Structures are given as structure tokens and as C-alpha cells.
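Structure at a glance
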Amino acid sequence: MRQLLFSSLFLLLNIFLYSQNSDVNMADDEGIDQYNSYCQCLGGDSVRYCNGLRCSGQVKDYYPDGKVKHNGYYDQGKIATVFTNYYSNGNVERIYRAKSENRCLMESYHPNGKVKSKGEFIKGEMLKWEDYFENGQIEFSEEYNKGTEYHLYTHIYYENGNPKILFDLIDVKSRLYSYKEYYENGQVEEQGKKIQNKATRDYPQDGMWEYYNESGKLILVEEYVRGMLNDERKY
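Below, the structure is looked at part by part. Bear in mind that the values here come from a model prediction, so they are computed numbers and not experimental data.

1. A few points about a negative patch on the surface
Judged by side-chain charge, Glu 134, Glu 139, Glu 159 and Glu 184 come together as a negatively charged surface patch. When you line up the elements, Glu 134 lands in the loop between strand E9 (125-132) and strand E10 (138-144). With a relative accessible area of 48%, Glu 134 lands in the partly exposed category.

2. As for the nonpolar core
In this structure, Leu 42, Tyr 74, Ile 79 and Tyr 96 are the most contacted members of the largest nonpolar core, which totals 17 residues. Listing elements by their share of this core, those giving two or more residues are strand E5 (78-86) and strand E7 (103-109). Residues contacting Leu 42, with those up to four places away along its chain left out, are Asn 36, Tyr 96, Cys 104, Met 106, Phe 121 and Gly 124. Counting 11 residues, the second-largest nonpolar core is a separate cluster that includes Phe 167, Leu 169, Tyr 203 and Tyr 211.

3. A short note on the side chain of Arg 94
Topologically, Arg 94 is positioned in strand E6 (residues 92-98). With a relative accessible area of 10%, Arg 94 lands in the buried category. Within the structure, the side chain of Arg 94 is placed 3.3 Å from the side chain of Asn 36, a separation counted as a polar contact. Sequence-distant contacts of Arg 94, defined by excluding residues within four places in its chain, comprise Asp 33, Asn 36, Phe 83, Thr 84, Asn 85, Met 106, Glu 107, Ser 108 and Tyr 109.

4. Details of the side chain of Lys 78
Mapped onto the secondary structure, Lys 78 falls in strand E5. No salt bridge is formed by the buried Lys 78; the nearest opposite charge belongs to Asp 45, separated by 5.9 Å. Discounting residues that sit within four places of it in the chain, Lys 78 has contacts with Tyr 38, Gln 40, Gly 44, Asp 45, Ser 46, Val 47 and Tyr 73.

5. Remarks on the packing of aromatic side chains
What describes a pair of aromatic rings is the distance from one ring centre to the other and the angle between the planes of the rings. A full pass over the atoms with the stated rule returns 9 aromatic pairs. Each ring, one from Phe 121 and one from Trp 129, has its centre 5.7 Å from the other, and the planes form 70 degrees; the classification is edge-to-face. Each member of the pair, Phe 121 as well as Trp 129, carries the same accessibility label: buried. Taken together, the ring pairs in this structure connect Phe 167, Tyr 177, Tyr 179, Tyr 203 and Trp 209 into an aromatic cluster. Looking at Lys 194, its charged tip hangs above the ring of Tyr 179, at a distance of 4.5 Å from the centre.

6. Remarks on the pairing of strand E8 (residues 115-122)
Where E7 and E8 come together, 7 bridges link them in antiparallel fashion. Paired with Ser 108 across the two strands is Ser 117, which belongs to E8. Counting the residues between successive antiparallel strands, the hairpin from E7 to E8 contains 5 residues, one of them, Gly 113, with a positive phi of roughly 100 degrees. Direction of pairing for E8 relative to E9: antiparallel, over a ladder of 6 bridges. Across the sheet, Gly 119 pairs through a bridge with Trp 129, a residue of E9.

7. A few points about the pattern of salt bridges
As enumerated under the stated definition, the model contains 4 salt bridges in all. Residue Glu 120 is joined to Arg 103 by a salt bridge in which the shortest nitrogen-to-oxygen separation is 2.7 Å. With Glu 120 in strand E8 and Arg 103 in strand E7, this pair connects stretches of sequence that are 17 residues apart. Relative accessible area serves as the criterion here: at 28%, Arg 103 is assigned to the partly exposed category. Notably, a salt bridge pairs Arg 233 with Asp 231, separated by 4.0 Å at the nearest N-O pair. Given the relative accessible area of 39%, Arg 233 is considered partly exposed.

8. Considerations on the state of the cysteines
Using the criterion set out here, one finds 2 disulfides in the structure. A disulfide bridge connects Cys 50 with Cys 55, and the sulfur atoms are separated by 1.8 Å. On the S-S bond that ties Cys 50 to Cys 55, the torsion sits near 90 degrees, and the link is right-handed. The residues Cys 50 and Cys 55 share a single accessibility class, namely buried. Bonded cysteines in the chain are paired 1-4, 2-3 when counted in the order they occur along the chain. Distance from the sulfur of Cys 39, which forms no disulfide, to the nearest cysteine sulfur (Cys 104) is 7.0 Å.

9. With respect to the pairing of strand E13 (residues 176-182)
Where strand E12 (residues 163-171) meets E13, 6 bridges bridge the pair, whose relative direction is antiparallel. For Leu 166, the partnering residue across the bridge sits in E13 and is Lys 180. In this sheet, strand E14 (residues 188-195) lies alongside E13 in antiparallel orientation, the contact comprising 7 bridges. Note on E14: the bridge partner recorded for Ser 178 is Lys 193. Counted along the chain from E13 to the antiparallel partner E14, the turn is 5 residues long, and its residue Gly 186 has a positive phi close to 100 degrees.

Calculation notes
- Residues numbered from 1 in each chain as written.
- Predicted model: local features only at pLDDT ≥ 70, side-chain atom pairs only at ≥ 80, totals over all residues.
- Heavy atoms only, no water.
- Patch = residues over 30% accessible without salt bridge, like charges linked within 9 Å, V, L, I, M, F, W, Y side chains within 5 Å.
- Areas by Shrake-Rupley, 256 points an atom, 1.4 Å probe, with all protein chains shown as cover.
- Salt bridge = Lys/Arg side-chain N within 4 Å of Asp/Glu carboxyl O.
- Lys, Arg positive; Asp, Glu negative; His and termini not counted.
- Charge placed at Lys NZ, Arg CZ, Asp CG, Glu CD.
- Helix = DSSP H or I, 4+ residues; strand = E, 2+ residues; numbered from the N terminus.
- Buried < 20%, exposed > 50% of the residue type's maximum accessible area, 1.4 Å probe, protein only.
- Core = buried A, V, L, I, M, F, W, Y, C linked by side-chain atoms within 4.5 Å.
- Contact = heavy atoms within 4.5 Å.
- Polar contact = N/O pair within 3.5 Å; in protein donor to acceptor, adjacent residues only side chain to side chain.
- Phe/Tyr/Trp six-rings, centres within 6.5 Å; stacked < 30°, edge-to-face > 60°.
- Lys NZ or Arg CZ within 6 Å of the ring centre and 35° of its normal.
- Pairing = 2+ DSSP bridges.
- Disulfide = S-S within 2.5 Å.

Take it as geometry only, folks, not as evidence of what the structure does.
Okay, structure coming up:
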């Protein structure tokens, strides 16, 4: 009988912990990205408490109308494996999945259900990321090497699909990059090379840079030596 009573109390305690913070309500979608702070893989360092204890197990938060806002699995106040957020209209806002202790994936969505962004993280650092316009057209994409010491590429696009900035690694050893910036009509605005400063991890201009007007006419040529302007010619 004593063992049965203990088992019943243990079961009730687990049910209590498993449904922690189910009474957290928010009237709108504001602050829906707050849960990232509980994910170490995303760089978050916050600890969530439920009923005075560090959250453990499944935790659900709700909007005032009873719709689910957040459904996540916690361990010692941190999101352990997965979580899903929802907009107040019921559509998924973001999905987080831990692939390992240090590696995770996240996708977020516009209120209309289309993909807003998706990325991969390692040890709190972004490894790869993409953003999308509400019409589904890609807006931004970026990727680092596996150690996150340097970019592999950064691409930015106008909503009409034309490129805005194309920044690509062309030589790993010297960390040399090509850079092109475009007008919205597709004409090149400026182009040249950049080289990473390994100490500061910035990317100063290097070599010859060309600048054009919106009609495609060359208007300026500059020469850089590791970020320092050495010469220029106007046309």
C-alpha cells in the first residue's frame, strides 16, 4: 500500500512538472522569439523557471483564447531537444530541432505560412542562414566554414529576384573574395576584391575597384591596398 501511494504521488508530481507554465498567456505575437534565449545551441544563456523550479519536460504556453503559443521540451531550464512556436492565427511561427549537443537547426515562417528563414548553428554560432520575402523569393543567404572563422559566401537579393550583393570566397588560403553590388535593375554598381584580415575578421577592399552608373557606364576606378585607398581615376 505504501509503495502504491508513493507511486501515485510520483505520478502526480510528474504530471505537475510535465505541464509546467501552461498558464502563460500573451495577447499577440509580440516577443514570440523570446524562447531562443533558452537554447544554448542558438547562443542563449537564459534559464527558464516553472513554478519556482527550473523547467523540466514538456512546457506549453497559450494565448488568452486557448491556442498554443509554444510547445517545448526542457531540461534544467534549457530547451533540450525541440520546440515549436505558433502565431495567434494558429500557423507555425518557428521550429527548432537539436541535431546533437552542439548542433541545431531552426526554421521560422511568415504569418501566411511561407518560410521566413532557416538556419544551422554550431556551438552558439551561425553556420548557415537564409531569409525569404513573404512572396517566397530568397532575400539573404550566408554560410561560414565549419569552424565559423570566415565566410564562404554572402548573397543578398532584391524582392524582384535580382541580386543586390554577391560576396564569394575565391581563394581559401589567402582568404580572397569577389564582391559585386548591383542596382535593382540588374546593372552592376560596383565590383572588386576583398581580403579577410584574420586578426580582426573584417574584409577590407583590395586591388582594383570599378564603379558604374545605373546605365552601366564606368564612372570611377579605385585602387586599394588592404583597405587603404592608393589611387583613383574618374571617368
